[in-house]
Structures are given as C-alpha cells and as structure tokens.
Amino acid sequence: MEWYIKVIQNYVGFQGRARRKEYWTFVVISFVVSVILEVIQRVLHLGQILTSLYSLAVLLPSLAVSMRRLHDTGRTGWWILIGLIPIIGTIILLVYMFLDSQEGDNQYGPNPKLIE
C-alpha cells in the first residue's frame, strides 16, 4: 500500500525512475480497487460512474509511473506510445515493465534500488 500512496503523491512526477515493485504494486492495487468499484456499481445499479471517476483520477499517476518505469529500464518515456499498437505493442510494453532496473545510474537518475 505504501508504494501505491507514493505513486499517488507523485502524480505528475514524470522525471526519475520507478522500480518494478512500485509500478506493479500500483497496477495491482488499482486493479483491485476497480473490481471493487465495479461490484458496488452493479449492486447499486449506478452505471459506470464510480469506475469512470476512479480511472480519471488515476490517469496521470498511471502515466507518470509508467514513464518512470520505462526510465528505470533505460528507455525514454515515449516508448509508452508503443502500447497504442494493437496486441504487439501491448506485449512489448508489458515485457519492458517486467525487465529489471538498469544497473547503476542512467540518464534519468540513480537506481532506485540503491537509494532505499
């Protein structure tokens, strides 16, 4: 939960690096929150209002942590656009998100594993 809150607090931090733990904790918790909101919507017959509001609220933090994750692997944040290519782009982006951090410092900053 600490990593999720860290991403939310740094919601427009597109600079620097994000380790795998930070990225995947945010992704998993966001998924769980979305599922819970979907269940609440269905029970209360609310349409898509709750999940839409939540998706809008985490849009910038999601983009920021994704770009920082790409920076951690030594890639520019523009690689996020490859996800727009159906199937292949998503698979490539997913592989990049699973890769380990680039050793030592890179052009985007120090290795976050060594800071903590």
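Rules used throughout
- Residues numbered from 1 in each chain as written.
- Predicted model: local features only at pLDDT ≥ 70, side-chain atom pairs only at ≥ 80, totals over all residues.
- Heavy atoms only, no water.
- Helix = DSSP H or I, 4+ residues; strand = E, 2+ residues; numbered from the N terminus.
- Buried < 20%, exposed > 50% of the residue type's maximum accessible area, 1.4 Å probe, protein only.
- Arc of directions from axis to C-beta.
- Contact = heavy atoms within 4.5 Å.

Caption draft 1: Inspection of unusual backbone geometry at higher detail. Its identity is not glycine, yet H45 carries a phi of approximately 55°, on the positive side. Note on placement: H45 falls in the loop between α2 (20–44) and α3 (49–57). For H45, a relative accessible area of 71% gives the class exposed. The backbone of I87 sits at a positive phi, close to 60°, despite the residue not being glycine.

Caption draft 2: Highlighting helix α5 (residues 88–98). Looking only at α5, the buried set comprises G89, L93, Y96 and M97. Projected down its long axis, α5 carries its buried residues within an arc of 100°, all on one side. Here the buried face of α5 lies against α2 and α4 (59–72).

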